Amino acid sequence: MKNKMKLLLAGAALFAALAPAHAEDKPKVEVMTSWTSGGEAAALDVIKQEFEKRGGVWKDSSIAGFGAADAAFQNRLVAGDPPTAKQSVLGFANADFVNQGLLSPIGEVAKAGKWADVLPKSILDLISYNGQVYLSPTGAHGESWVFYSKDTFAKAGISEEPKSWDEFFAALDKLKASGVQPVAWGGQSWQESKVFNMILLTQVGIDGFLKIYADKDKGEASTAGVKKTLDILGKLRAYVDAGAPGRNWNDATAMIISGKAGVQFMGDWAKGEFIAAGKEAGKDYGCMLAPQSPGMVYVADSFSFPKLTDPAAQKGQALLAEVAMDPAVQVEFSLKKGSVPMRTDVDKSKLDVCAQKGLELMSEGKIVPDQALILSPQQAGALNDFVDEFWSNPSEDSASGAEKFFAIFE
Amino acid sequence: MQAKRRRSSAATIALLPTWIAAIFIYIGTMVWSVRLSFTDSTIFPSSNYVGFAQYARLFRTSRWLASLENVLIFGVLYVAGCLALGFVLAASLDRKVRFEAMFRTIFLYPYAMSFVVTGLIWQWMLNPTFGIQASVRALGWQNFAFDWIVSRDMAIYTVVFAGIWQGAGLVMVIALSGMRGIGEEQWKAAQIDGIPVWRIYLSIILPQLGPALAASSMLLSMGVIKTYDLVVALTGGGPGFSTEVPAKFIMDNLFERQNLGLASAGATVLVLSVVMAVAPFRYALYMRARRKGAQ
């Protein structure tokens with residue numbers, strides 16, 4: 001009797017041990033992102049649905065606000081209880097985590113998916129640390145767009161997109177004469193440094209841009225390029241309204257949508273606002289690169305995977321990395337988020353005109369990274385400070401400005 | 001004697017948790033921050049000591065220097081402004097006006113609000129494209145200009161405005177309660193002498209409000225060092241660095257720029273400056289207490 005009881009107990013224990021083991025077979029993820037706005041959440045949902053379709057269990061731990069999500073992630077990482085996956089911008093910020101041994105590589109998934117063949121080399125370099133792939137890219141944003149209202153252009157008598165900075169300023173004058181605010185300016189330092197970067201790219205070219213930011217080159221050509229950039233930036237001050245300081249990017253986009261202003265310099269996430277207002281790319285509003293631009297500045301999102309021992313979570317990480325890079329998912333995701341797929345082999349027909357232009361530039365390699373990808377957070381912050389100071393101080397000349405610019409790399 | 005010792009040991013035991021909390025939580029974290037300011041910590045604390053390098057860098061950073069200058073301007077004008085306006089408000093309420101309770105509530109109300117709300121309200125009012133300037137222009141004064149908030153030289157004063165608007169009510173309440181404690185007979189005596197009311201307030205009432213006003217200015221000064229939310233909501237530190245404050249500099253470097261070392265150095269400088277400001281004051285009080293004890 002006693003033995004039977006023991007056997008029964010042992011059996012029950014065995015069964016109890018087996019039952020969760022069965023559930024553990026399913027890949028599980030807890031995903032932490034800052035994608036909480038309408039379009040962003042819809043984009044994340046694309047990945048979630050595909051993940052669940054392939055048998056995974058999904059838990060969403062998203063937190064509104066980029067900084068807030070980052071702070072929460074760091075706290076949980078330090079506490080030893082990280083989420084399975086975290087949305088992160090490609091670039092320097094992850095190097096610290098990798099060097100501390102907190103992230104796990106996903107080299108096998110990358111090899112199985114032949115990522116090396118379908119991603120631009122520069123992207124592949126950015127998701128790899130010490131020769132290993134650590135990040136699974138979700139989508140790229142073009143940052144050097146100039147959005148313009150077709151209505152205001154027509155009213156001001158501007159028949160085609162300006163090809164050079166001279167033509168551009170002539171167009172701004174026409175806009176001013178027609179009674180609209182020529183530039184809808186977003187008055188926060190991060191927005192201003194995006195404008196700085198787009199102008200810099202037009203002045204020094206792709207190689208020059210990389211030389212300045214990657215090699216911290218202060219040569220004659222670089223300095224002259226920065227000076228010319230500051231001249232153009234300074235000239236823009238005259239086309240901005242008094243209410244600009246501190247203005248949010250979406251408020252600036254609203255000025256374009258309502259026809260109060262002519263052009264806005266912004267990343268392609270602004271398309272989300274146009275879409276929400278029922279405007280169509282190429283019909284109601286246009287998107288062009290900054291005049292004379294040889295390429296596009298981009299910033300890209302990805303998932304990173306903290307080191308975990310739970311086998312279900314490890315499986316979940318591998319599956320998530322695979323799903324995020326699926327060609328169909330990449331297109332669907334981009335449509336919802338307004339971004340550009342990272343893969344160059346996707347079906348382009350569904351994308352709008354602006355995204356198609358962006359994808360074309362990307363596959364041709366005509367892209368340069370945003371400062372978040374190529375500078376340390378400290379340097380990127382110093383760049384914002386520099387541009388903000390220059391912009392708000394009309395008496396600063398471009399020569400001393402250029403000197404200050406190169407000082408941010410020290 | 002025995003009983004006294006027993007009582008004090010009981011008190012010591014009762015206070016022990018507080019002592020432990022004070023040492024580990026307050027002093028411990030402070031020491032930890034100071035230690036970090038001597039390391040090259042970025043996103044995670046590191047134990048690679050770099051001496052005073054973070055401090056050297058801090059004082060080479062123009063944004064930090066601007067923030068020190070701003071907090072000085074803001075601090076002096078904010079405390080002085082709150083005291084002056086608060087005293088005037090208290091004096092006028094003290095004249096036994098009708099609906100005093102209602103006015104008191106109205107004037108104190110801003111103090112009950114979050115600085116974030118204050119900042120947002122003033123941001124809207126001061127925005128030249130749809131605030132006061134736009135409204136006055138819409139009434140017909142086309143040349144009216146009030147665009148301090150977007151001007152590098154004037155923006156810090158808009159922060160002072162908003163701060164005074166919020167803080168004056170507190171001073172008013174404290175000063176008013178002080179005034180109510182002053183004897184009726186002083187008023188009668190002064191009035192018999194034919195002294196005008198404003199003169200009574202300035203020469204008789206004000207000197208007697210010393211302790212009340214000192215307490216208010218202490219409360220206000222502590223708010224100055226912490227100023228963060230008001231600036232973030234009102235100007236975001238701009239245009240340029242023209243309204244940047246140390247607390248905001250520290251927060252930005254701590255989270256956004258992943259620069260624990262530099263942020264800790266800034267925080268340490270801030271703590272030191274508070275200690276330097278408060279220490280002479282505490283010392284004077286201590287000496288006065290000792291002198292009194294000796295007499």
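Our structure's up above, just so we're on the same page.
Thresholds applied
Residues numbered from 1 in each chain as written. Chains lettered and ligands numbered in written order. Predicted model: local features only at pLDDT ≥ 70, side-chain atom pairs only at ≥ 80, totals over all residues. Heavy atoms only, no water. Contact = heavy atoms within 4.5 Å. Buried area = accessible area lost by both parts, 1.4 Å probe. Salt bridge = Lys/Arg side-chain N within 4 Å of Asp/Glu carboxyl O. Polar contact = N/O pair within 3.5 Å; in protein donor to acceptor, adjacent residues only side chain to side chain. Helix = DSSP H or I, 4+ residues; strand = E, 2+ residues; numbered from the N terminus. Nonpolar A, V, L, I, M, F, W, Y, C, P; charged D, E, K, R; others polar. Phe/Tyr/Trp six-rings, centres within 6.5 Å; stacked < 30°, edge-to-face > 60°. Buried < 20%, exposed > 50% of the residue type's maximum accessible area, 1.4 Å probe, protein only. Lys NZ or Arg CZ within 6 Å of the ring centre and 35° of its normal. 1 Å grid on protein atoms, 1.4 Å probe; cavity = no way out; pocket = protein on both sides within 12 Å on 5 of 7 lines; lining within 4 Å. Points joined across faces, edges and corners; volume = space filled by probe spheres on them. Patch = residues over 30% accessible without salt bridge, like charges linked within 9 Å, V, L, I, M, F, W, Y side chains within 5 Å. Areas by Shrake-Rupley, 256 points an atom, 1.4 Å probe, with all protein chains shown as cover. Expected span 1.5 Å × (residues − 1). Pairing = 2+ DSSP bridges. Axes fitted to C-alpha atoms, helices over the stretch in contact; angles between N-to-C directions. Arc of directions from axis to C-beta.

A.B. asks: Tell me about the interface of chain A and chain B, residues and numbers included.
C.D. replies: With 23 residues of chain A at the contact, the number on the chain B side is 20 residues. The junction of chain A with chain B conceals about 1800 Å² of combined surface from both sides, 54% of it contributed by carbon and sulfur atoms. Contact with chain B buries surface across chain A, with Gln-378, Asp-385 and Glu-389 of chain A losing the most and accounting together for 28% of the total. Between the two partners, chain A and chain B, sit three salt bridges. The tally of links between chain A and chain B comes to nine residue pairs in polar contact (both at pLDDT 80 or more). Looking at the side of chain A that touches chain B, the elements with two or more residues in it are helix H3 (66–78), helix H4 (93–99) and helix H18 (377–392) of chain A. Of all the elements, H18 of chain A adds the most residues to the side of chain A that touches chain B, at nine residues. Across the side of chain A that touches chain B, the residue classes break down as 10 nonpolar, eight polar and five charged.

A.B. asks: Requested: an account of the packing of aromatic side chains, with residues and values cited.
C.D. replies: A complete count under the given rule lists 36 aromatic pairs over all chains for this structure. With a centroid separation of 4.4 Å and 20 degrees between ring planes, the pair formed by Tyr-148 of chain A and Phe-153 of chain A is classed as stacked. No difference in accessibility class separates Tyr-148 of chain A from Phe-153 of chain A, as the two residues are buried. Seen from their ring centres, Phe-146 of chain B and Trp-148 of chain B are 5.6 Å apart, and the 45 degrees between their planes marks the pair as tilted. Taking the relative accessible area as the measure of exposure, Phe-146 of chain B reaches 17% and is therefore buried. Ring-pair connections join several aromatic residues into one group, and the members of that group are Trp-165, Phe-168, Phe-169, Trp-185, Tyr-239, Phe-265 and Trp-391 of chain A. Directly above the aromatic system of Phe-169 of chain A lies the positively charged group of Lys-235 of chain A, at a separation of 4.4 Å from the ring centroid.

A.B. asks: Go over empty space enclosed by the protein with me, naming the residues and quoting the values.
C.D. replies: All names here are of chain A. On inspection of all chains with the given rule, the structure shows one cavity of 30 Å³ or more. In this structure, the largest cavity encloses a volume near 40 Å³. Contributing to the lining of the largest cavity are Ala-184, Trp-185, Gly-186, Gln-191, Glu-192, Val-195, Gln-264, Phe-265 and Met-266. Within the residue set of the lining of the largest cavity, elements represented by two or more residues are helix H10 (189–215) and strand S9 (261–266). Class assignment of the residues belonging to the lining of the largest cavity gives a composition of five nonpolar, three polar and one charged.

A.B. asks: Lay out the layout of surface pockets in plain terms, naming residues and giving numbers.
C.D. replies: The space that makes up the second largest pocket amounts to roughly 1100 Å³. Elements with a minimum of two residues in the lining of the second largest pocket: H4, H18 and helix H19 (398–407) of chain A together with helix H2 (53–58), helix H3 (62–94) and helix H12 (246–256) of chain B. The dominant element in the lining of the second largest pocket, judged by the number of residues it contributes, is H18 of chain A, at eight residues. A per-class count over the lining of the second largest pocket returns 17 nonpolar, 14 polar and 13 charged.

A.B. asks: Can you tell me about the environment of Ile-106 of chain B, naming the residues and giving the values?
C.D. replies: Considering the arrangement of structural elements, one finds Ile-106 of chain B in helix H4 (residues 100–112). Separated by 63 residues in the primary sequence, Ile-106 of chain B and Gly-169 of chain B have C-alpha atoms spaced 8.5 Å apart.

A.B. asks: Summarise a nonpolar patch on the surface; cite the residues concerned and give the values.
C.D. replies: All names here are of chain B. On the surface, a cluster of nonpolar side chains totalling about 1100 Å² of accessible area is made up of Leu-15, Leu-16, Trp-19, Ile-20, Ile-23, Phe-24, Ile-25, Tyr-26, Ile-27 and Val-31. Tracing the backbone through its elements, the reader meets Val-31 in helix H1 (residues 2–36). For Val-31, a relative accessible area of 52% translates into the label exposed.

A.B. asks: Break down H3 of chain A for me, with residues and values.
C.D. replies: Residues and elements named next belong to chain A. With 13 residues, H3 should cover 18 Å at 1.5 Å per step; its first-to-last C-alpha distance of 18 Å lies within 8% of that length. For H3, the set of buried residues is Ala-69, Ala-71, Ala-72, Phe-73, Gln-74 and Leu-77. Positive backbone phi, at 85 degrees, marks Gly-80, one or two positions downstream of H3.

A.B. asks: Break down the sheet that holds strand S10 (residues 285–289) of chain A for me, citing the residues and quoting the values.
C.D. replies: All names here are of chain A. Strand order in the open sheet formed by four strands is S8-S9-S7-S10, and the pairing between neighbours is mixed. The sheet is open, and its two borders are formed by strand S8 (181–183) and S10, each paired with just one other strand. On average, each strand axis in the sheet is inclined to that of its neighbour by 20 degrees, with strand direction left out of account. The pairing of strand S7 (residues 145–149) with S9 spans four bridges and is antiparallel. Bridged to Phe-147 within S9 is Gln-264. Packing of helix H9 (residues 165–177) onto the sheet brings it into contact with S7, S8, S9 and S10, and relative to S9 it is tilted by some 140 degrees.

A.B. asks: Talk me through the environment of Arg-343 of chain A; I want residue IDs and the actual numbers.
C.D. replies: Residues and elements named next belong to chain A. Within the secondary structure layout, Arg-343 lies in the loop between helix H15 (327–337) and helix H16 (353–363). On the accessibility criterion, Arg-343 (9% relative accessible area) is buried. For the pair Arg-343 and Thr-138, spaced 205 residues apart in the sequence, the C-alpha separation amounts to 9.2 Å. Other than its neighbours up to four places away in sequence, Arg-343 contacts Val-118, Leu-119, Met-325, Pro-327, Gln-330 and Leu-359.

A.B. asks: For H16 of chain A, give the residues involved together with the corresponding values.
C.D. replies: Residue and element names in this part refer to chain A. Three or more residues of H16 are buried, namely Cys-354, Ala-355, Gly-358, Leu-359, Leu-361 and Met-362. Looking straight down H16, one finds its buried side chains confined to an arc of 160 degrees; they lie on one side. Buried residues along H16 sit against strand S6 (135–142), S7, helix H13 (270–276), S10, strand S11 (296–304) and strand S12 (367–369). Put simply, Asp-352 is the residue that caps the front of H16, since its side-chain oxygen is 2.9 Å from the backbone nitrogen of Cys-354. Backbone geometry just downstream of H16 places Gly-365 in the positive-phi region, at approximately 75 degrees.

A.B. asks: Let's hear about the environment of Arg-63 of chain B: which residues, and what values?
C.D. replies: Tracing the backbone shows Arg-63 of chain B in helix H3. For Arg-63 of chain B and Thr-243 of chain B, which are 180 residues apart along the polypeptide, the C-alpha to C-alpha distance reads 10.0 Å. Each residue touching Arg-63 of chain B, except ones within four places of it in the same chain, is listed here: Asp-385 of chain A together with Phe-241, Glu-244, Lys-248, Phe-249, Asp-252 and Arg-257 of chain B.

A.B. asks: Hey, could you go over unusual backbone geometry for me, with residue numbers and the actual values?
C.D. replies: All names here are of chain A. Although it is not a glycine, Lys-114 sits at a positive phi angle of roughly 55 degrees. Position of Lys-114 among the secondary structure elements: in the loop between helix H5 (107–112) and helix H6 (115–118). Judged by its relative accessible area of 53%, Lys-114 falls in the exposed class. A positive phi is found at Gln-292, a non-glycine position, where the angle reads about 65 degrees. With respect to the helices and strands, the residue Gln-292 is situated in the loop between S10 and S11.

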